[in-house]
Amino acid sequence: MNFVFISPTFPKSYYQFPRAIHNLGGRTLGIAEDSYDSLSYELKSSLDDYYQVRSLENYDEVYRAVAYFTYKYGRIDFLESNNEYWLQSDARLRQDFNITSGAFPAELEHYKFKSAMKSYYEKAGCKTARYHLVTNYEEGKAFIDKVGYPVVVKPDNGVGASATYKIKNDEELRNFYNNPPKVQYIMEEFINGLIVSFDGIADANGDVVFCTSHVFPDSIMDIVNDVHDVYYYSVREIPEDLKKIGTAVVKTFKPRSRFFHCEYFRLKEDKEGVGKKGDIFGLEVNMRPPGGYTPDMMNYANDIDVYQIYAQMVMGNVQPYNQTRPYTCTYAARRNGVHYVHSHEEIMQKYQGHICMHEQMPAILAVAMGDDMYTARFKTEEEVLEFCSYVLQK
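Structural notes, computed from the coordinates.

Cut-offs and rules
- Residues numbered from 1 in each chain as written.
- Predicted model: local features only at pLDDT ≥ 70, side-chain atom pairs only at ≥ 80, totals over all residues.
- Heavy atoms only, no water.
- Buried < 20%, exposed > 50% of the residue type's maximum accessible area, 1.4 Å probe, protein only.
- Helix = DSSP H or I, 4+ residues; strand = E, 2+ residues; numbered from the N terminus.
- Polar contact = N/O pair within 3.5 Å; in protein donor to acceptor, adjacent residues only side chain to side chain.
- Pairing = 2+ DSSP bridges.
- Contact = heavy atoms within 4.5 Å.
- Salt bridge = Lys/Arg side-chain N within 4 Å of Asp/Glu carboxyl O.
- Axes fitted to C-alpha atoms, helices over the stretch in contact; angles between N-to-C directions.

Some points on helix H12 (residues 306-314)
Counting buried residues along H12, eight of its nine residues qualify, which places the element largely inside the surrounding structure. Those residues of H12 not exposed but buried are Val-306, Tyr-307, Ile-309, Tyr-310, Ala-311, Gln-312, Met-313 and Val-314. N-capping of H12 is provided by Asp-305, with a side-chain oxygen placed 3.0 Å from the backbone N of Tyr-307. Looking at the residues trailing H12, positive phi occurs at Gly-316, about 75 degrees.

So, the pairing of strand E11 (residues 208-216)
Of all nine residues in E11, eight are buried, a share of seventy percent or more. Summarising the sheet, strand E10 (residues 193-202) and E11 pair through eight bridges and their orientation is antiparallel. The partner of Ser-197 across the bridge, within E11, is His-214. The hairpin formed by E10 and E11 contains five residues between the paired strands, and Gly-206 there has a positive phi angle of roughly 80 degrees. For E11 and strand E12 (residues 230-234), the ladder comprises two bridges, and the chain directions are antiparallel. Bridged to Val-215 within E12 is Tyr-233.

Looking at the environment of Leu-93
Tracing the sequence through the fold places Leu-93 in helix H4 (residues 87-96). Among residues more than four places away in sequence, those in contact with Leu-93 are Ile-6, Tyr-59, Val-62, Tyr-63, Val-66, Leu-79 and Ile-99.

Notes on the pattern of salt bridges
Evaluated as defined, the whole model comprises 20 salt bridges. The salt bridge partner of Asp-305 is Arg-19, with a shortest N-O separation of 3.1 Å. Of the two residues, Asp-305 is situated in the loop between helix H11 (294-302) and H12 and Arg-19 in helix H1 (residues 16-23); the sequence distance between them amounts to 286 residues. Measuring nitrogen to oxygen at the nearest pair gives 2.7 Å for the salt bridge that ties Asp-145 to Lys-141. Placement of the pair is Asp-145 and Lys-141 together in helix H7 (residues 137-147), with a separation of four residues, close to one helical turn. Take Asp-145: its relative accessible area is 55%, and that puts it in the exposed class. A single network of salt bridges, built from pairs that share partners, joins Glu-80, Arg-94 and Arg-258.

What to know about unusual backbone geometry
Phe-10 connects to Pro-11 through a cis peptide bond whose omega is -15 degrees. Locating Pro-11 in the fold gives a position in the loop between strand E1 (2-6) and H1. Despite not being glycine, Asn-98 has its phi angle at roughly 50 degrees, a positive value. Unlike most non-glycine residues, Lys-254 shows phi in positive territory, near 55 degrees.

Digging into the environment of Val-215
Within the fold, Val-215 resides in strand E11. Along the backbone, Val-215 and Asp-372 are 157 residues apart, and their C-alpha atoms lie at a distance of 20 Å. Among residues more than four places away in sequence, those in contact with Val-215 are Leu-194, Ile-195, Val-196, Tyr-232, Tyr-233 and Val-235.

Points about the sheet that holds strand E8 (residues 165-167)
Within the open sheet, the four strands sit side by side as E6-E9-E7-E8. Their pairing is antiparallel. Two strands lie at the open edges of the sheet, namely strand E6 (131-133) and E8, each paired on one side alone. Mean inter-strand twist for the sheet, computed between neighbouring axes without regard to direction, equals 30 degrees. As paired elements, strand E7 (residues 151-155) and strand E9 (residues 185-189) share five bridges and run antiparallel to each other. Within the sheet, the bridge partner assigned to Lys-154 lies in E9 and is Ile-186. Here helix H6 (residues 114-123) sits on the sheet in contact with E6, E7 and E9, set at roughly 50 degrees to E9. Across the sheet, H7 lies against E6, E7 and E9, angled at about 20 degrees from E9, the strand it touches most.

Comments concerning the sheet that holds strand E4 (residues 78-80)
Pairing is parallel across the open sheet formed by four strands, whose spatial order is E3-E2-E1-E4. Since the sheet does not close on itself, it has two edges, and those belong to strand E3 (49-52) and E4, each with one partner. Direction aside, the axes of adjacent strands within the sheet are offset by 15 degrees on average. Relative to E3, strand E2 (residues 27-32) is paired through four bridges, and the arrangement is parallel. Bridging across to E3, Ala-32 finds its partner in Gln-52. Strand contacts of H1: E1 and E2, with the helix running at about 170 degrees to E1, the strand carrying the most contacts.

Written out as structure tokens, the structure is:
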């Protein structure tokens, strides 16, 4: 099997994708902007060949790299970046080289455009927030007269919480239309809910072969716009209603041989015309691993190797495993330039038996995921919240 990895250098833990394929006998071929000499030892050891391009943004360059690998090694069986930013480029390359193991561009629309996701959620029996594709002030105001302030506006085709914010009154609404965005925006009613995710890996038939769930006490929108500290954590037991809805949604979207990261609101209160406290609403679907080092959190929480599970799925050899979820794993990240009560040394000493990772996040991820991150695992949610409170205390 020939597997082309786009940008296996970012995030740095992504070397584990080619490592896992390589260990199972697949041929691993990497394409990125970094010089070969700058690659980590772990990545060099995981790749059978590597092609440096000046820019991954230059499609012709990346096309030539794939063409070179095709000429040298034969037909490419899989091509993947596992990165939201490159999804469309990945799909175009698959189409151009007839790599049928993953999505082509036309298949991306229903999980790239937030408005298109709505009907797929609903097909799976999952409610979503009411919405309006932004046109003009009059139509926007008519929508708000129906659902009330605040509303949330964001690019219909966007990554994460990029350029996403609330509009809370008529003045802010007029300002929005006086400076209209240059891309298509979607306007949604505000849902007062706790964000929870259903994450995992789906096989070639869209069947879930691994799943887990994370809780996000603060929305990414608020974290980015208000520069909050960041923390979130996995759960040891996935609630049955979330697992049922999450599995149905994944099946409806029909992913092929890939990770998924699906986000939901669980209502914090009754809302007339919307739902009851505890109801689940679909937020958005991402057909790639959850951001940053979350795949590594999955490993720590479950005492497994999700990169290996992914590789086995790719190679058509899914192995049974005992998913006991012995831990709840948390991510807590501080902001540079902020004074915190407890020093790094105090944190490491107090929680030395629990901390699994400590990293400075790359600048490109730091806006949404904080600068100085700690990943730790515990037996209970109470211990997780105590840890996050200690790390983030100001």
